[in-house]
Amino acid sequence: AQTVTQSQPEMSVQEAETVTLSCTYDTSESDYYLFWYKQPPSRQMILVIRQEAYKQQNATENRFSVNFQKAAKSFSLKISDSQLGDAAMYFCAYIKPGGYQKVTFGTGTKLQVIP
Amino acid sequence: SAVISQKPSRDICQRGTSLTIQCQVDSQVTMMFWYRQQPGQSLTLIATANQGSEATYESGFVIDKFPISRPNLTFSTLTVSNMSPEDSSIYLCSVLPGLNTEAFFGQGTRLTVV
């Protein structure tokens, strides 16, 4: 079974600084998708970034980028130039494509942004 | 992509009663997922709802407590039955519109049982 681990229950960052959230996963599959979701106090789950396992290039979305290390099964999220609106719970997630799909979520990291 | 409308957004209910949560999707999807999220914690999958068949429940969740309906490819309901304070939580519905897409979520229902 797939598992996703986020070892940092809480993190804090100064506004305008950079922070990295960690995620490791366990799978025997070679093809899969990884995601970072953001959940602000509004409860709405928002996709931050996605990474296809077959792509070696790390995904980037504006201030958000990932460091995907397939062999190490590591998928960290870097937030640059942190903003107050980045404060939220962040969940790392795994999906095995095809057939019966189910999302496996990590335990979450609560990010605090300090003005 | 998919846009999901989830209702109600929040409710306060008496113990022993039931609450039905609705999710409407703006496109047809094969599978819909229902999650429970305790405050400050991750999402726990309750069940997967396929149109035209019984929902598939995860370990620890049973149909009598969380009956699910899936009458068509754009709509589903989750009922929380015979509620107790332990059922106080956030409930979310989710879809995976395609084989290789991300999951989309409703806005969540914050349930408080008193």
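Residues numbered from 1 in each chain as written. Chains lettered and ligands numbered in written order. Predicted model: local features only at pLDDT ≥ 70, side-chain atom pairs only at ≥ 80, totals over all residues. Heavy atoms only, no water.

A. Spatial organisation of the interface of chain A and chain B. In this complex, chain A contributes 23 residues to the contact, which on the side of chain B involves 28 residues. Contact between chain A and chain B buries roughly 2000 Å² in total, counting both sides, with carbon and sulfur atoms accounting for 52%. Inspection of the region where chain A meets chain B yields two salt bridges. Across the pair Glu58(B) and Lys102(A) runs a salt bridge, and its minimum N-O distance is 3.3 Å. Summed over the shared surface of chain A and chain B, the number is eight residue pairs in polar contact (both at pLDDT 80 or more). Of all the secondary structure elements, the ones that give two or more residues to the side of chain A that touches chain B are strand E5 (33–39), strand E6 (46–52), strand E10 (88–95) and strand E11 (103–105) of chain A. The biggest single contributor to the side of chain A that touches chain B is E5(A), with four residues. Of the residues that constitute the side of chain A that touches chain B, the class distribution is twelve nonpolar, eight polar and three charged. (Contact = heavy atoms within 4.5 Å. Buried area = accessible area lost by both parts, 1.4 Å probe. Salt bridge = Lys/Arg side-chain N within 4 Å of Asp/Glu carboxyl O. Polar contact = N/O pair within 3.5 Å; in protein donor to acceptor, adjacent residues only side chain to side chain. Helix = DSSP H or I, 4+ residues; strand = E, 2+ residues; numbered from the N terminus. Nonpolar A, V, L, I, M, F, W, Y, C, P; charged D, E, K, R; others polar.)

B. Highlighting the pattern of salt bridges. Going through the model one piece at a time under the given rule, you end up with seven salt bridges over all chains. Across the salt bridge formed by Glu102(B) and Arg50(A), the nearest N and O atoms sit 3.0 Å from each other. Here the residue Glu102(B) occupies a position in the loop between strand E9 (89–95) and strand E10 (104–105), and Arg50(A) occupies one in strand E6, the pair thus bridging two chains. Each of the salt bridges in this network shares a partner with another, and the network as a whole consists of Arg50(A), Glu52(A), Lys55(A) and Glu102(B).

C. Examining the sheet that holds strand E8 (residues 75–80) of chain B more closely. Residue and element names in this part refer to chain B. Across the sheet, four strands lie side by side as E1-E3-E8-E7; this open sheet has antiparallel pairing. Pairing within the sheet leaves two strands with one partner each, and these edge strands are strand E1 (4–7) and strand E7 (68–72). Sheet twist, expressed as the mean angle between neighbouring strand axes with direction ignored, is 15 degrees. Judged from the six bridges that link them, strand E3 (residues 19–25) and E8 form a sheet pairing that is antiparallel. (Pairing = 2+ DSSP bridges. Axes fitted to C-alpha atoms, helices over the stretch in contact; angles between N-to-C directions.)

D. Region of the structure containing unusual backbone geometry. With an omega dihedral of -10 degrees, the bond running from Lys7(B) to Pro8(B) counts as a cis peptide bond. Along the chain, Pro8(B) turns up in the loop between E1 and strand E2 (10–13). You will see that Arg43(A), though not glycine, has its phi angle at about 80 degrees, which is positive. With respect to the helices and strands, the residue Arg43(A) is situated in the loop between E5 and E6. In this structure, Asn82(B) takes a positive phi of about 45 degrees despite not being glycine. Position of Asn82(B) among the secondary structure elements: in the loop between E8 and E9. Since its relative accessible area comes to 55%, Asn82(B) is described here as exposed. (Buried < 20%, exposed > 50% of the residue type's maximum accessible area, 1.4 Å probe, protein only.)

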